Amino acid sequence: MDFSFTAEEQAFRKELHNYLLKEVPDWFGGIFVLSEDEYDRTWEFTNQFARKLAQKGWLIRSWPREYGGQGASHMEQFILAEEMAYFYEPRGAHYMGSNWVGPTIIQFGTEEQKKQHLSAIANAEVIWCQGFSEPDAGSDLASLQTRAVEDGDDYILNGQKVWTSYAHHADRCVIGTRTDPDVPKHRGISYFLMDMKTPGITVRVLPSIFGSHFCEVFLDNVRVPKRNILGEKNRGWYTMMASMEYERGGYLHYAGLARILDELIKYTNETQRHGEVLFNNPLIRQKLAELAIGIRVTRALSYRVAEMRSRGINPGAEASIAKLYGSEFHRHFANTSMQIMGLYGQLCRGSKWAALKGRVEREYIWSPEPTVAGGTSEIQRNIIATTGLGLPR
Amino acid sequence: MNFELNEEQEMLRKAARDFLEKECPGLLVREMEMDESDFPQELWHKMTELGWTGLVFPEKYGGTGGSWLDITILVEEMGRALVPGPFLSTVVHCGLAILGAGTEEQKQEFLPGIANGEMLLALALTEPSAGYDAGSIAVPATADKDDYIINGTKLFVANAYVADYLLCVTRTKDGANKEEGITLFLIDSKSPGIKVTPLKTMAGDKQCEVVFENVRVPKKKILGKLDNGWPLVEKIFAYGAVAQCAEMVGGAQRVLEMTVEYAKQREQFGQPIGSFQAVQHACADMVTDVNGARYVTCEAAWRLSEGLPCSMEIAIAKAWVSEVYRRVCLAGHQVHGAIGFTLDHDMQLYFRRAKEAELAFGDADFHKETIARQLAKGFPL
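Residues numbered from 1 in each chain as written. Chains lettered and ligands numbered in written order. Predicted model: local features only at pLDDT ≥ 70, side-chain atom pairs only at ≥ 80, totals over all residues.

Peer 1: Before we move on, could you go through the overall build of chain A and cite the residues and values that matter?
Peer 2: Regarding its fold elements, chain A presents 11 helices and nine strands. Whereas a compact globule of 393 residues would reach a radius of gyration of roughly 21 Å, chain A reaches 22 Å, a difference of no more than 12%. C-alpha extents for chain A along the principal axes are approximately 75 × 50 × 45 Å. Taken over 393 residues, chain A has a buried fraction of 50%. Within chain A, counting contacts between residues at least 6 apart in sequence, those at least 24 apart form 71% of the total. (Helix = DSSP H or I, 4+ residues; strand = E, 2+ residues; numbered from the N terminus. Rg over C-alpha atoms; globule rule 2.2 N^0.38 Å. Buried ≥ 20, exposed ≤ 12 C-beta atoms within 10 Å, placed from the backbone. Contact = placed C-beta atoms within 7 Å.)

See below:
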């Protein structure tokens with residue numbers, strides 16, 4: 001049993017942390033919840049920053065060396081993800097390409113696909129989006145209906161995707177389609193690498209409380225070459241699941257929450273209510289302690305996933321456990337930090353009288369999302385119960 | 001980073017589990033709940049033969065030179081099997097304190113007896129004030145030539161009724177700073193003036209009232225420094241809290257397993273109740289809780305074993321695990337339905353012990369205050 005990081009891992013963290021301290025400006029609050037006035041500035045920054053990281057070789061650090069990466073260990077990947085989360089994910093939408101689209105192409109792609117796509121991801125030249133959910137296929141993703149019909153050397157795609165994050169910024173899309181409607185649903189899915197500029201694709205932003213985050217993607221006779229299938233025809237479900245494994249590294253948002261907690265503690269020491277600083281109120285102190293506990297529990301559950309992967313063991317249900325707990329705690333964190341700030345918590349960034357740069361308001365707005373996205377809490381509980389505990393389906 | 005036990009530790013864990021499954025059945029646990037005067041002597045004897053009581057002490061004192069982490073492995077298995085008896089108070093609360101702070105004479109006097117299981121000790125810390133802070137310690141020890149005279153009441157003292165010696169935390173000086181003026185004494189429980197009365201507790205564990213009436217203790221039985229015993233109390237508290245967490249994790253894990261087993265077997269509406277989503281989700285929440293509890297406990301135990309600063313980690317572990325064990329027992333009861341309430345069923349044994357364990361060495365509220373005081377300096381990642 002050993003909870004330490006190696007000297008190399010610690011050195012890497014220090015170097016990365018100092019770099020991020022220098023390069024990520026204080027105004028940057030991430031891309032998850034964005035108001036209109038900060039939209040362009042934020043996107044521009046993440047694009048530039050991803051390119052800077054790419055030049056340093058850090059954007060694809062986790063990739064095998066033969067594909068331009070540094071073969072970074074799982075623990076190093078974890079440290080990198082944790083530090084990025086602490087700085088509110090300055091890679092923006094580029095993290096998808098580097099974190100899992102690229103690795104999935106490395107695992108399942110043809111040589112041609114690797115040549116075509118990997119260096120563009122590595123150089124932060126392209127943004128990828130993920131065409132998974134549909135209006136009638138959310139948690140039951142395998143029931144997706146976007147149809148891909150063979151036509152000579154191509155497939156013709158028709159259908160609609162929804163909740164596609166950042167599709168309006170994306171150059172490419174990994175998209176799940178139905179290539180065989182006559183077999184059980186999991187066995188008739190194919191996974192394509194699609195150019196978002198292909199004629200027939202219409203992207204429409206779905207305004208939400210998070211800003212312009214989600215999109216609908218309409219496919220009207222979109223022609224995608226056969227050579228763009230990733231993996232095998234009708235085996236796409238398994239490719240999709242394998243690609244999702246790359247993302248199951250624990251619930252790293254706790255790092256950003258730790259930063260907010262640190263600022264919140266300072267706030268409670270500086271802010272008076274009823275004649276004394278908030279920090280002296282035992283109820284407030286208990287709430288702050290609860291937040292510290294939840295962050296550390298999330299971290300421990302996430303460490304577990306990382307250390308299992310570093311030993312070559314599939315974390316299985318432990319990844320779901322980390323996601324389940326972390327996301328539900330995230331919601332609790334957001335509400336508790338609002339409670340601590342009282343009336344001031346609701347002030348948006350940029351508003352007069354706003355405190356903590358409006359981070360608490362932003363986190364609160366975001367907080368119902370993590371228990372829904374990436375597999376709802378209910379789905380995670382199903383996985384934990386059946387795959388993890390062996391309860392009957 | 002690696003959460004797994006090494007090969008030797010895994011062997012220790014498995015051996016402990018197999019041994020306790022055989023030697024500490026539910027019947028024994030129930031018998032001991034009813035017994036106000038004895039402890040499970042045969043089980044204790046077998047545990048000492050296995051070397052458990054000497055595990056963490058150096059060979060020169062009759063021990064086997066094992067580690068703190070080894071003890072936490074044993075204690076977790078004891079929590080799983082609900083082992084009654086004075087292991088924690090003897091070995092962890094008092095034994096480790098003597099090892100860490102005792103004079104060579106004291107170590108020679110006590111440690112071999114602890115290691116071979118012949119000497120039992122209890123920690124007399126809490127008082128009717130029912131707190132774990134220095135301000136709650138008021139029982140005075142007054143100097144009288146070469147002795148000290150102790151008067152007062154200690155309460156919630158685990159295992160005092162069988163202890164040969166009591167490690168008693170007293171106040172030898174009273175000033176504005178309550179952390180100053182605390183002294184620990186190793187007191188022969190047969191000393192005139194000591195009266196021990198077991199309390200009736202929910203868990204049937206033997207927490208006692210210990211009344212000291214003009215109890216005379218020689219100066220040389222001071223453990224550690226005169227008037228400056230609070231740091232030793234804090235150390236005992238740290239080890240005690242982490243050991244308590246290990247014990248709770250063992251119990252919670254067993255409750256989880258028992259509940260999942262039951263959910264697979266029990267049928268209603270023509271199918272196992274474990275196929276209903278509501279029950280599945282309750283079990284998923286249980287394992288989420290238990291795993292988090294285990295990992296924060298391991299983190300705290302490891303940091304303690306490495307001599308790293310860990311007061312935050314210990315407080316986090318005790319606060320979290322206390323609430324987890326309680327929650328998991330409630331969920332376990334919910335899935336088991338009424339059968340879990342019957343005395344024949346083990347579920348209620350864990351439920352009652354969960355509360356006792358939650359309260360020992362500070363409940364969640366207490367530790368959240370500890371955490372908050374540390375947060376005053378900020379919360380770095």
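From this point on, the discussion continues.
Peer 1: A description of the overall build of chain B should follow, citing residues and the corresponding values.
Peer 2: Scanning chain B from N- to C-terminus turns up 11 helices and 10 strands. The C-alpha atoms of chain B give a radius of gyration of 21 Å, which matches the 21 Å a tight globule of 381 residues would have. A buried classification covers 53% of the 381 residues belonging to chain B. Residue pairs at least 24 apart in sequence account for 73% of intrachain contacts in chain B once pairs closer than 6 positions are excluded.

Peer 1: An account of the interface of chain B and chain A is needed here, citing residue identities and associated values.
Peer 2: Contacts between the two partners involve 40 residues from chain B, matched on the other side by 41 residues from chain A. Mapped by element, the contributors of at least two residues to the side of chain B that touches chain A are helix H7 (230-265), helix H8 (277-306), helix H9 (311-336) and helix H11 (364-375) of chain B. For the side of chain B that touches chain A, the element with the most residues is H8 of chain B, which contributes 14 residues. Residues of the side of chain B that touches chain A, tallied by class, amount to 24 nonpolar, nine polar and seven charged. (Nonpolar A, V, L, I, M, F, W, Y, C, P; charged D, E, K, R; others polar.)

Peer 1: Outline the domain arrangement of chain B, listing residues and values.
Peer 2: Residue and element names in this part refer to chain B. Domain boundaries assigned for chain B yield domain 1 (7-119), domain 2 (123-227) and domain 3 (231-375). A straight line from the C-alpha centre of domain 2 to that of domain 3 covers 30 Å. Counting from both sides, the interface comprises 10 residues of domain 2 and, opposite them, 11 residues of domain 3. Taken together, the residues that form the side of domain 2 that touches domain 3 break down as seven nonpolar, two polar and one charged. (Domains from an automatic or database assignment.)

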